[in-house]
Amino acid sequence: MIKGLSTKEAVDKYQGANLYVKNLGDSVGDEKLRELFSDFGTITSYKLVMRDPHRISRGSGFVAFSTPEEANRALGEMNAW
């Protein structure tokens, strides 16, 4: 739970602010993921979802922004990339 918000309020507030990212290169780690999306707004969390047994990225992750508008901007601009 986010301090000062009920679970429902937190879900409502951040609805649409989380992106699932796929087709990332093997060389993309957590920090590179943050770097790729940092120009679009305030990132509240980021994480590669899956890694192989050798800790190499399997190409997908999540990036959460502070607002849905920032997430939409990132989605639009990265899809055009």
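Structure shown above.
Quick notes on the rules
- By convention here, each chain's residues receive numbers from 1 onward along its written sequence.
- Given that this is a predicted model, residues contribute local features only at a pLDDT of at least 70 and side-chain atom pairs are listed and counted only at 80 or more, while totals for whole chains, interfaces and linings are drawn from all residues.
- Hydrogens and water molecules were not included; the side-chain quantities draw on all heavy atoms of the structure.
- For the purposes of this entry, the term helix denotes a DSSP run of H or I that reaches at least four residues, the term strand denotes a run of E that reaches at least two, and both are numbered from the N terminus.
- Think of it in three bands: residues with accessible area under 20% of the maximum for their type are buried, residues over 50% are exposed, and the middle band is partly exposed, with areas taken using a 1.4 Å probe on protein chains only.
- Note that accessible areas follow from Shrake-Rupley with a 1.4 Å probe, and for residues the cover is restricted to the protein chains shown.
- We score Asp and Glu as negative and Lys and Arg as positive, and we do not count His or the chain ends.
- By definition here, a salt bridge exists when the distance from a side-chain nitrogen of Lys or Arg to a carboxyl oxygen of Asp or Glu is within 4 Å.
- Pairs of N or O atoms within 3.5 Å make up the polar contacts considered here, provided that, within protein, one atom can donate a hydrogen while the other can accept it, and that residues adjacent in sequence are counted only when both atoms are side-chain atoms.
- In this description, contact between two residues means that some pair of their heavy atoms is separated by no more than 4.5 Å.

## Describing the overall build of the protein
Within the protein one finds three helices and three strands. Overall, the protein shows an N-to-C arrangement of helices and strands of α-β-α-β-β-α. Counting only residues that meet the buried cut, the protein has 27% of its 81 residues in that class. About 5,700 Å² of surface is accessible on the protein, with carbon and sulfur atoms providing 52% of the total.

## Some remarks on the side chain of Glu70
By secondary structure assignment, the location of Glu70 is in helix H3 (residues 68–79). For the buried Glu70, no salt bridge exists, and the shortest N-O distance to an oppositely charged side chain is 7.2 Å, to Arg73. Separated by 2.7 Å, the side chains of Glu70 and Ser66 make a polar contact. Look past the residues within four positions of Glu70 in its chain and what remains in contact with it is Phe40, Gly41, Thr42 and Phe65.

Read these as geometric descriptors, not functional statements.
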